[in-house]
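Residues per chain, in single letters:
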Amino acid sequence: DGGLSMLADTCAAYAFPYAACISDVPLQSSGFDVFDGDIPFYQIVMHGVIPYAGTAINGSADSDNAFLTSIATGCNPAYDMIYAEASDLKDTLLDTYFYAHYGFWQKTAAEQYVLASEILAGVSDQLITDYVRDGDVSVTVYENGTEIIVNYEEEIITVNGTEYRLADLSAGKGV
């Protein structure tokens, strides 16, 4: 009632009415052997209802794949960043953030954020109506007809015929 909004971290359904945004939404399944592939069920249900961001892209073993998965599932990109040298965290409760020094991620995160904003701006309030993954290619369709195709092998994102290449970002060429 106070006009405040709440950022929820990996919240479940009971907290949805109170959350203005959800962070740390998983980008993939647990990977247990019973699964043949990942379906972004959480994202399909929540997209267009409550804004959300995925897990930290720079915390992934394959950050390019994590970014592509973020785009394919409509997740806003998220990054963990610290100012302190990672070695300062050794033998502390925060040593899990060994990867998060801002100096290594600032440029990449900024470029990826700009690209994600451009790609997802037209669908941020849209429901996901279809999602198909066939091998290295996923297709996400939104209720306004926007189709986002992610080719994980070639690292190309295609939005209604416009191609964006991750290689252009890492080469500093922009998009």
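Just above, that's the structure.
1. Overview of a nonpolar patch on the surface
A cluster of nonpolar side chains, contributed by Ile39, Phe41 and Val45, occupies part of the molecular surface with about 340 Å² of accessible area. Here phenylalanine 41 is to be found in helix H1 (residues 41-46). Overall, phenylalanine 41 belongs to the exposed group, its relative accessible area being 60%.

2. Observations regarding helix H3 (residues 102-120)
By the largest-angle criterion, threonine 108 marks the main kink of H3, which is about 25°. Among the residues making up H3, those that are buried are Trp105, Ala109, Gln112, Leu115, Ala116, Ile119 and Leu120.

3. Quick notes on the pattern of salt bridges
Scanning all chains against the criterion turns up 2 salt bridges. A salt bridge links lysine 107 to glutamate 111, with the shortest nitrogen-to-oxygen separation between them at 3.8 Å. Remark: glutamate 111 and lysine 107 occur in helix H3; sequence separation between them is 4 residues, near one turn of the helix. Residue lysine 107 is classed as exposed on the basis of its relative accessible area, which comes to 53%. The salt bridge partner of glutamate 163 is arginine 165, with a shortest N-O separation of 3.3 Å. On the basis of relative accessible area, glutamate 163 is assigned to the partly exposed category, the value being 46%.

4. Points about the nonpolar core
Formed by 35 residues in total, the largest nonpolar core has its most connected members in Ile22, Phe67, Ile71, Ile119, Ile148 and Ile157. Going through the elements one at a time, strand S2 (19-25), helix H2 (63-72), H3, strand S7 (147-151), strand S8 (156-159) and helix H4 (166-170) are the ones with two or more residues in this core. Here isoleucine 148 is in contact with Ile71, Ile119, Leu120, Val123, Ser138, Val139, Thr140, Tyr142, Ile157, Thr158 and Val159, once residues within four sequence places are set aside.

Procedures and definitions
- Residues numbered from 1 in each chain as written.
- Predicted model: local features only at pLDDT ≥ 70, side-chain atom pairs only at ≥ 80, totals over all residues.
- Heavy atoms only, no water.
- Patch = residues over 30% accessible without salt bridge, like charges linked within 9 Å, V, L, I, M, F, W, Y side chains within 5 Å.
- Areas by Shrake-Rupley, 256 points an atom, 1.4 Å probe, with all protein chains shown as cover.
- Salt bridge = Lys/Arg side-chain N within 4 Å of Asp/Glu carboxyl O.
- Helix = DSSP H or I, 4+ residues; strand = E, 2+ residues; numbered from the N terminus.
- Buried < 20%, exposed > 50% of the residue type's maximum accessible area, 1.4 Å probe, protein only.
- Bend = angle between axes of the 7 residues up to and from the residue.
- Core = buried A, V, L, I, M, F, W, Y, C linked by side-chain atoms within 4.5 Å.
- Contact = heavy atoms within 4.5 Å.

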